[in-house]
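What follows is each chain in one-letter form.
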Amino acid sequence: MTEPMTRDQRLVLWIAILGSFVSFLDGTVVTVALPAIQEELGGGLTTQQWVVDAYLITLGALILVAGSLSDVLGRLRVLTIGLVGFGVTSIAIAAAPTPEFLIVARALQGVAGALLVPSSLALITANFRDAAQARAIGIWTAATTAAMIAGPVLGGLFVDFASWRLVFLINVLPLAVTLWLVVRLGHRDQRRPGATVDLLGAALCAVGLGAGVFGLIEQSSLGWASPAIWGSLTLGIAAFTAFLVRQRFARQPMMPLSLFRVRNFWTGNLATAFVYAALSLNGFVMGVYLQQGAGLPATLAGLATLPVTILMILFSSRVGSLAGRWGSRLFMTAGPLVMAVGVLVLLTVSEDFSYWWQVLPSVLVFGIGLTLTVAPLTSTILGSIDESRSGIASAVNNAVARVAGLIVIALLATIVGGSLDLPGFHRAAVVTSVLLAAGGIVSFLGIRDRAPAQSPDRASA
């Protein structure tokens, strides 16, 4: 039986949850606001893609730097800087006068968001052990994933009854509470002597992602033959290749390639890439199509995914505990496959739209699969690496998840065939289902459940 949490452990868990909550919430709350943003500020599907991907580019590129910064400056200090920066950029986004200003502000918000999640998870892994750690990660997963799913609900309410601008100000209260809890905790920061930040690696990663995403998004309007497209894609591939080479030879790499020698780590991250690409694609398409295609108001479009939130809140902690006792392979295999089946139900959506018979069954099955997947996936990846490297392991896993979402949104026009009409919605559902099935298959073939007494870093056999 898991021992009760101490006072400091409770504070750490709340700090980790709230610190990550705003980052996850903001990644999804925007999707339901995209039609309203387009209506007020202008721009088509390309602008909507950039509003999402500007945040994901900097988040994905710099979340690795955050892992190194936590070692250099301390986890709590990095978390505090991220909280303040997130609040400032949220206000800037709410005041955006043009699409260009909004996109730039979203990119800066991604920088702040990159500081939050790795530091939060590192606090959990440093303060909890064994079954208690699995349970804490399960609670964290329930709350943060619920934020991802509940974002559209909150966004829809603000869009319909106030303004899309207020969507970005809902972060202020949890940010303030988290800062207060950090002061109450009163811990001294832990720093790693001699730690440095790989600035060249960070620059190469940012250029690689930014240039590549520019080419993928703008090809729908400029065409693959445009020098701007193939040139940016070439630059992106070259820069990201140079980034990997840099990580191989850097004295203190921001993404140590040695981590990928651990079987559960590299397999779990590959499954993460498939699953979170699917989550990003499904979230974007549902948020936009239910409004622009099915004609639902923003609030109802957001409420469409509420059952997923309820399932996550009710059962994620329990699933995390069960995975800690029974092993994660079963959950990481079954969960994505169940989600894949749920998404295919969306193929029943027709011009004669019915939420209750076409969307709700899909949402319920999808929610069950997601609840089975996320906590075991997170705990398996972090549990495969020694606690002393938990910060960078968390950063790598979160970078993989964000970059996967970044790429699939950049490819959205190609996936849906140019416009998000009903045939495009169906094509997106098929692609989402294939991605989820791939995540389940990868987990089944690659994940190895370790014995409770086995050292985490020996799970690479």
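Note that the coordinates shown come from a computational prediction; the quantities given were computed from them, not determined experimentally.

The next subject is the overall build of the protein. Secondary structure summary: the protein contains 17 helices and 0 strands in total. For 461 residues, the compact-globule estimate of 2.2 N^0.38 gives 23 Å, and the protein sits close to it at 21 Å. Of all 461 residues assigned to the protein, the portion counted as buried reaches 59%. Counting only contacts in the protein whose residues sit at least 6 apart along the sequence, the fraction spanning at least 24 positions is 84%.

This paragraph deals with the environment of T98. Mapping T98 onto the fold places it in the loop between helix 3 (75-94) and helix 4 (99-114). It is 27 Å that separates the C-alpha atoms of T98 and L116, two residues lying 18 residues apart in sequence. A polar side-chain atom of T98 sits 3.1 Å from the main-chain amide nitrogen of F101.

Before going further, it helps to spend a moment on the packing of aromatic side chains. In this structure the tally under the stated criterion is 7 aromatic pairs. Ring geometry for Y355 versus W356: centroids 5.3 Å apart, planes at 75°, classification edge-to-face. On the basis of relative accessibility, which here comes to 16%, the residue Y355 falls in the buried class. We classify W356 as exposed; its relative accessible area is 61%. The positively charged end of R248 is found above the aromatic ring belonging to F249, 5.0 Å away from the centroid. Geometry around F444 places R329 over its ring, the cationic atom sitting 4.4 Å from the centre.

Further remarks concern the layout of surface pockets. By volume, the second largest pocket is sized at about 500 Å³. F240, N269, A273, V400 and V403 are, among the 21 residues lining the second largest pocket, the residues nearest its centre. Sorting the residues of the lining of the second largest pocket by element identifies helix 2 (45-73), helix 9 (227-249), helix 10 (263-292) and helix 15 (390-410) as the ones contributing at least two each. Per-element tally for the lining of the second largest pocket: the top contributor is helix 15, with 6 residues. Residues of the lining of the second largest pocket, tallied by class, amount to 19 nonpolar, 2 polar and no charged.

Right, let's get into the side chain of T31. With respect to the secondary-structure elements, T31 resides in helix 1 (residues 7-41). T31 gets classed as buried once you look at its relative accessible area, which sits at 7%. Those residues in contact with T31 that lie beyond four places of it in its chain are P152, G283, F284, G287 and V288.

You can see T373 is positioned in helix 14 (residues 355-383). If near-sequence neighbours (up to four positions away) are discounted, T373 is found in contact with F331, G335, P336 and M339.

Turning to helix 5 (residues 117-127), a few remarks are in order. One turn of the α-helix equals 3.6 residues, which is why residues spaced by three or four share an orientation. In terms of burial, helix 5 is largely enclosed, as 10 of its 11 residues are buried. Of all the positions in helix 5, only V117, P118, S119, S120, L121, A122, L123, I124, T125 and A126 are classed as buried.

Once that is clear, we can look at the nonpolar core. Soluble globular proteins tend to bury their nonpolar side chains together. Of all hydrophobic cores here, the largest spans 135 residues; its most connected members are I124 and W164. With 18 residues, the top contributor of residues to this core is helix 1. When near neighbours in sequence (up to four residues on either side) are disregarded, I124 contacts V12, L13, A16, A136, I137 and W140.

It is possible for side chains bearing opposite charge to pair when their charged atoms get close. A complete count under the given rule lists 2 salt bridges for this structure. One salt bridge connects D8 with R7, and the closest N-O pair in it is separated by 2.9 Å. Residue class for D8 comes out partly exposed when judged on its relative accessible area of 27%. Ionic pairing is found between R165 and E40, a salt bridge with its closest N-O pair at 2.7 Å. Residue R165 is found in the loop between helix 6 (130-161) and helix 7 (172-185), and its partner E40 is found in helix 1; the two are separated by 125 residues along the sequence. You can call E40 partly exposed: its relative accessible area is 45%.

Further remarks concern the environment of V400. Position of V400 among the secondary structure elements: in helix 15. For V400, a relative accessible area of 21% translates into the label partly exposed. Here the alpha-carbon distance between V400 and A61, two residues 339 residues apart in the chain, equals 9.8 Å. For V400, the contacting residues outside a window of four places in its chain are N269, T272 and A273.

About the criteria used
Residues numbered from 1 in each chain as written. Predicted model: local features only at pLDDT ≥ 70, side-chain atom pairs only at ≥ 80, totals over all residues. Heavy atoms only, no water. Helix = DSSP H or I, 4+ residues; strand = E, 2+ residues; numbered from the N terminus. Rg over C-alpha atoms; globule rule 2.2 N^0.38 Å. Buried < 20%, exposed > 50% of the residue type's maximum accessible area, 1.4 Å probe, protein only. Contact = heavy atoms within 4.5 Å. Polar contact = N/O pair within 3.5 Å; in protein donor to acceptor, adjacent residues only side chain to side chain. Phe/Tyr/Trp six-rings, centres within 6.5 Å; stacked < 30°, edge-to-face > 60°. Lys NZ or Arg CZ within 6 Å of the ring centre and 35° of its normal. 1 Å grid on protein atoms, 1.4 Å probe; cavity = no way out; pocket = protein on both sides within 12 Å on 5 of 7 lines; lining within 4 Å. Points joined across faces, edges and corners; volume = space filled by probe spheres on them. Nonpolar A, V, L, I, M, F, W, Y, C, P; charged D, E, K, R; others polar. Core = buried A, V, L, I, M, F, W, Y, C linked by side-chain atoms within 4.5 Å. Salt bridge = Lys/Arg side-chain N within 4 Å of Asp/Glu carboxyl O.

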